[in-house]
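Next come the chains, spelled out residue by residue.
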Amino acid sequence: MNRSICMLLLLCGCEGYVTVVQPVEILGTIATADGHDGPVRLEVYQAWSGDGGLRYPMRFIDASWVSTPGDFTMSVELPVEEGEGLVLYGWQDRDGDETHCAPGVDDELSGAAVISETDVPDVVDGDLVLDSPCVGATRLFP
Amino acid sequence: MATWLLLTLAAAAADFQDQDKQGHPTRAVLLGGSGEAHWNAGASVGSPWTTVTVQRGLRGGWTPLAEVQAASFARWQPAVGVGKRWIDRRWRLTGEGTVGWTLQGDPIPFRGPAAELRVKGGRAVGRFAPYLHLGMRSSRTEDRVETVSGDILREEARWETTLTGALGTGFLLTDRVGIDIGLDLPWVHMPNPSIPGMHIGVQTGWGRNQ
């Protein structure tokens, strides 16, 4: 009887994609090499995703803006069945166009911090130094 | 509204008790609507669709039905519903509505309730019964985000709308058995283009003299 009820519920239930995530709290500090103020775009990546020959680095997870270098906190959900590790990447928007190094701009500093390439704790420290002008995320890791 | 009224008036004028019109199982399944107290069943196999249908005619052209459709045996669509013959003269036009479930596994999991509205139309031409089916089907499921420990963080409804269609012809073999061949045009996730399929089917029935 119980098995019949279970089968009925299994048949009738609504279920689509199930994404298993690990909520992670990132506490950190952003610093620029030249001490310049200005908004920073902070991007979170999983270090690696996929299996075998389809394994690739830097799977984008989430992004947010912080108003100026300094302390920050950010909460993200890492889809643990689809990738592993955690990499922080940031760049400073010095001309206010919300575009990293648009044509004619070559002084917007960027940087990355590899938090982990495998397991990630629920709370991590992520100190980020922006010291590379106009370098994209995938140039900094791996 | 005007179309609905026109169809209702046309249905009221139709003679559903005419044995010739209530007709053959192939006409009943392909053109829709079984004769009163007639049981009809149809099955078709094809790529990608395989279908089994059972229906029974009631007074006034109403036809309860049960069906199972399978796409490549990876997507299952069981449903129950009812049909109503709107027009049953030289041409037959039938409306059908069903409710059921969509059951699909990985890699695109989808399990949830579904409903479909469709019209079946065609006419008898000697032993042939050319037909056209057009419908719209909608299914709903819930995508879920949960933690490693199983706590559900949020659920989000996902809808899938499908235009359905089939074009083909039936052929009456005997008084109680017929076959058909047709093209299927399911339009999953419209407006993505459909991958057409085809099928061959068999129809039978009983209870014609009740």
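Rules used throughout
- Residues numbered from 1 in each chain as written.
- Chains lettered and ligands numbered in written order.
- Predicted model: local features only at pLDDT ≥ 70, side-chain atom pairs only at ≥ 80, totals over all residues.
- Heavy atoms only, no water.
- Contact = heavy atoms within 4.5 Å.
- Buried area = accessible area lost by both parts, 1.4 Å probe.
- Salt bridge = Lys/Arg side-chain N within 4 Å of Asp/Glu carboxyl O.
- Polar contact = N/O pair within 3.5 Å; in protein donor to acceptor, adjacent residues only side chain to side chain.
- Helix = DSSP H or I, 4+ residues; strand = E, 2+ residues; numbered from the N terminus.
- Nonpolar A, V, L, I, M, F, W, Y, C, P; charged D, E, K, R; others polar.
- Pairing = 2+ DSSP bridges.
- Core = buried A, V, L, I, M, F, W, Y, C linked by side-chain atoms within 4.5 Å.
- Buried < 20%, exposed > 50% of the residue type's maximum accessible area, 1.4 Å probe, protein only.
- pLDDT = per-residue confidence, 0-100.

Quick word on the interface of chain A and chain B
In this complex, chain A contributes 15 residues to the contact, which on the side of chain B involves 21 residues. Across the chain A/chain B interface, buried area totals approximately 1,600 Å², and carbon plus sulfur atoms make up 55% of it. Our count for the chain A to chain B interface comes out at three salt bridges. For E15 of chain A, the salt bridge is made with R144 of chain B, and the minimal N-O distance between the two is 3.5 Å. On inspection of chain A and its partner chain B, the count reaches twelve residue pairs in polar contact (both at pLDDT 80 or more). Broken down by element, the residue count for the side of chain A that touches chain B peaks at five residues, all from strand β1 (residues 18–32) of chain A. Residues belonging to the side of chain A that touches chain B are distributed by class as follows: ten nonpolar, three polar and two charged. Inspection of the sheet shows β1 of chain A paired to strand β7 (residues 128–147) of chain B by four bridges, in the parallel sense.

Focus on the side chain of Q55 of chain B
Residues and elements named next belong to chain B. With respect to the secondary-structure elements, Q55 resides in strand β2 (residues 49–56). A polar atom in the side chain of Q55 sits 3.0 Å from the backbone oxygen of A28. Sequence-distant contacts of Q55, that is, excluding residues within four places in its chain, are made with A28, V29, G33, S34, H38, W39, N40, T63, P64, L65 and E96.

Looking at the pairing of strand β3 (residues 56–66) of chain A
Residues and elements named next belong to chain A. Bridging between strand β2 (residues 40–49) and β3 involves nine bridges; their strand directions are antiparallel. By the bridge assignment for β3, Y45 is matched with F60. Linking β2 to β3, which pair antiparallel, is a turn of six residues; within it G50 sits at a positive phi near 85 degrees.

A word on the nonpolar core
A general tendency of soluble globular proteins is for nonpolar side chains to be buried together. Residues and elements named next belong to chain A. If you look at the biggest cluster of nonpolar residues, it comprises 20 residues, and the most contacted ones within it are V24, I26, I30, V44, F72, L86 and L88. When residues of this core are traced back to their parent elements, those giving at least two are β1, β2, β3, β4 (70–79), β6 (86–92), β7 (109–116) and β9 (128–130). Those residues within four positions of V44 in sequence are excluded, and the remaining contacts are I26, R59, F60, I61, D62, M74, V76, L86, V87 and L88. A47, W48, M58 and W91 belong to the second-largest nonpolar core, a separate cluster that totals nine residues.

A word on the confidence of the model for chain B
Low pLDDT means the predicted coordinates in that region are not meant to be read closely. Residue and element names in this part refer to chain B. Summing up the model confidence of chain B, the mean pLDDT is 86 and the portion of residues at 70 or higher is 84%. In the predicted structure, residues 8–22 sits below a pLDDT of 50 and forms 30 contacts with residues beyond four places in sequence or in another chain. Quick note on the complex model: pTM equals 0.74, ipTM equals 0.72.

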